[in-house]
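# Results of the structural survey
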Amino acid sequence: MTDIELQALVQQISQRDFHQPFLHRAYFNARLRSTGGRYQLQNHNIDINPKMLTDFDEATLIGVIKHELCHYHLHLAGRGYQHRDAEFKQLLAAVGGSRYAPAPKKRTVQAVRYHYVCANCGQAYPRKRRMDTRRYRCSRCGGPIKLA
Ligand SMILES: [Zn+2]
Ligand SMILES: [Zn+2]
């Protein structure tokens, strides 16, 4: 999905679920690390973490967009736009937005998938990929490697 397609999606959701146009810009921002999206109070633009595309499904992306649009429309209308405000909570529930923008998955989660050990001395061999244990020996004691 490109920035242009994201812009079109945000405009469509705004019109359909909020019955008001989205008149500012939405774009992907890879610098967002700990959050799925961000509404900018200063210029009214919406940033979306590109990880929302790679780590989550489309329903999650739409939930995040709705969440940011709640900030957007309430802020522009001069109403309670912060998480703790009753108006924000009501609007969020009405449009079915996500309560919290999901944090992107940590990179370390997918780093090591296979845990091999030496059958003789117990030396650990964490690997990202599967390996043919018949072709390798423990570098410490020369023992056979097996999947832990
Ligand atoms: Zn928020
Ligand atoms: Zn060993």
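These notes cover the structure that comes with them. (Residues numbered from 1 in each chain as written. Chains lettered and ligands numbered in written order. Predicted model: local features only at pLDDT ≥ 70, side-chain atom pairs only at ≥ 80, totals over all residues. Heavy atoms only, no water.)

Glancing now at the coordination of the zinc ion (ligand 1). Distances from the zinc ion (ligand 1) to its protein donors, H67 (NE2), H71 (NE2) and H83 (NE2), fall within 2.0 to 2.1 Å. On the primary sequence, the residues serving as donors to the zinc ion (ligand 1) are separated as H-x3-H-x11-H. Residue H71 is found in helix α3 (residues 58-76), and its partner H83 is found in the loop between α3 and α4 (86-95); the two are separated by twelve residues along the sequence. Judged by relative accessible area, which is 11%, H71 ranks as buried. (Donors = N, O, S within 2.8 Å, 3.2 Å for Na, K, Ca; no water. Helix = DSSP H or I, 4+ residues; strand = E, 2+ residues; numbered from the N terminus. Buried < 20%, exposed > 50% of the residue type's maximum accessible area, 1.4 Å probe, protein only.)

Another point: the packing of helix α1 (residues 3-18) against α3. Interaxial distance between α1 and α3 falls to 10 Å at its minimum, and their mutual angle equals 65°. In terms of orientation, α1 and α3 fall into the roughly perpendicular class. Along this stretch, α1 crosses α3, giving a crossing that reads as right-handed. From α1, L6, L9, V10, I13, S14, R16, D17 and F18 reach across to α3, where they touch L61, I62, I65, K66, L69, C70 and H73. The residue inventory of the contact of α1 with α3, partitioned by class, reads ten nonpolar, two polar and three charged. (Axes fitted to C-alpha atoms, helices over the stretch in contact; angles between N-to-C directions. Parallel < 35°, antiparallel > 145°, perpendicular 65-115°, else oblique. Left-handed = near helix turned anticlockwise from the far one by under 90°. Contact = heavy atoms within 4.5 Å. Nonpolar A, V, L, I, M, F, W, Y, C, P; charged D, E, K, R; others polar.)

The zinc ion (ligand 2) binds to the protein through C118 (SG), C121 (SG), C138 (SG) and C141 (SG); the donor distances cover 2.3 to 2.4 Å. Each of the four donor atoms bound to the zinc ion (ligand 2) contributes to angles spanning 101 to 117°, and the resulting shape is tetrahedral. The sequence motif formed by the donor residues of the zinc ion (ligand 2) is C-x2-C-x16-C-x2-C. One end of the pair, C118, is in strand β4 (residues 114-118); the other, C138, is in the loop between β5 (124-127) and β6 (145-147), and 20 residues separate them in sequence. Both residues of the pair, C118 and C138, count as buried. (Tetrahedral: all angles 85-135°; square planar, octahedral: opposite > 155°, others 65-115°.)

A word on α1. Along an α-helix, residues three or four apart share an orientation, since each turn contains 3.6 residues. With 16 residues, α1 ought to run about 22 Å at 1.5 Å a step, and its terminal C-alpha atoms sit 21 Å apart, in line with that. Listed as buried for α1 are L6, Q7, L9, V10, I13, S14 and F18. What you see down the axis of α1 is that its buried residues fit within an arc of 165°, all on one side. If you follow the buried residues of α1, they end up packed against β1 (26-28), β3 (46-48), α3 and α4. (Expected span 1.5 Å × (residues − 1). Arc of directions from axis to C-beta.)

By the secondary structure assignment, N29 is in the loop between β1 and β2 (37-39). Side-chain polar atoms of N29 contact the side chain of D47, separated by 2.8 Å. N29 has contacts with R38, D47, I48, N49 and P50, leaving out every residue within four places of it along the chain. (Polar contact = N/O pair within 3.5 Å; in protein donor to acceptor, adjacent residues only side chain to side chain.)

What follows covers the packing of aromatic side chains. Two aromatic rings, taken as a pair, are described by how far apart their centres are and by the angle between their planes. Taken as a whole, this structure holds three aromatic pairs when the rule is applied. For the pair Y39 and Y72, a centre-to-centre distance of 6.0 Å together with 90° between the ring planes defines the contact as edge-to-face. Here Y72 lies in helix α3 and Y39 lies in strand β2, a separation of 33 residues in the sequence. Put simply, the rings of F22, Y39 and Y72 pair up and form one aromatic cluster. (Phe/Tyr/Trp six-rings, centres within 6.5 Å; stacked < 30°, edge-to-face > 60°.)

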